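Single-letter residue listing:
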Amino acid sequence: GEAQRGPKNHNWKGGITPLRPKIMKLQEYRTWQLGSMNRDGYRCVECGASKCYLAVDHYPKSFSKILRDKKVTTIDDALSCEELWDLNNSRTLCKPCHLKTPNYGGRAKKE
């Protein structure tokens, strides 16, 4: 059968989308990603791959650690959190290299 959506789903949390995907949809996030890719020459900084799917991650300080340390709980907090948008804390990775990172997709190992 089709998965239950909304209040009938066992995972329903009152209609609150987690903050992480909301931040990642912001124009500011896209601008940060493009700034990093442009600086890195649209190549993976780990293996040098180009002309492939590229991702940008927060490094050396992870996205989740910034949110925790700066107590970012709202979009407004995120927008005013300079550390989140700092290009010195970013790197461009190809998908295989990104998948190897310890915090890929928010599976942050305690730092």
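That block above? That's the structure.
Residues numbered from 1 in each chain as written. Predicted model: local features only at pLDDT ≥ 70, side-chain atom pairs only at ≥ 80, totals over all residues. Heavy atoms only, no water.

*Asks:* Tell me what's going on with the overall build of the protein chain, and back it up with residues and numbers.
*Replies:* When helices and strands are tallied, the protein chain shows 5 helices and 2 strands. Seen in sequence order, the protein chain has helices and strands lined up from the N terminus as α-α-β-α-α-β-α. A buried classification covers 32% of the 111 residues belonging to the protein chain. (Helix = DSSP H or I, 4+ residues; strand = E, 2+ residues; numbered from the N terminus. Buried < 20%, exposed > 50% of the residue type's maximum accessible area, 1.4 Å probe, protein only.)

*Asks:* Hey, could you go over the nonpolar core for me, with residue numbers and the actual values?
*Replies:* One finds I23, Y29, F63, L67, V72, L84 and W85 to be the most contacted residues of the largest nonpolar core, which totals 20 residues. Within the residue set of this core, elements represented by two or more residues are α1 (19-24), α2 (27-39), β1 (54-57), α3 (63-69) and β2 (91-94). (Core = buried A, V, L, I, M, F, W, Y, C linked by side-chain atoms within 4.5 Å.)

*Asks:* Tell me about the layout of surface pockets, and name the residues and values.
*Replies:* Each pocket or cavity is described by its volume, and for the largest pocket that value is around 240 Å³. Taken together, 17 residues make up the lining of the largest pocket; nearest its centre are R20, M24, Y29, V56 and H98. Sort the elements by how many residues they give to the lining of the largest pocket and β1 lands first, with 3 residues. The class makeup of the residues in the lining of the largest pocket is 7 nonpolar, 8 polar and 2 charged. (1 Å grid on protein atoms, 1.4 Å probe; cavity = no way out; pocket = protein on both sides within 12 Å on 5 of 7 lines; lining within 4 Å. Points joined across faces, edges and corners; volume = space filled by probe spheres on them. Nonpolar A, V, L, I, M, F, W, Y, C, P; charged D, E, K, R; others polar.)

Worth remembering: the numbers are spatial, not functional.
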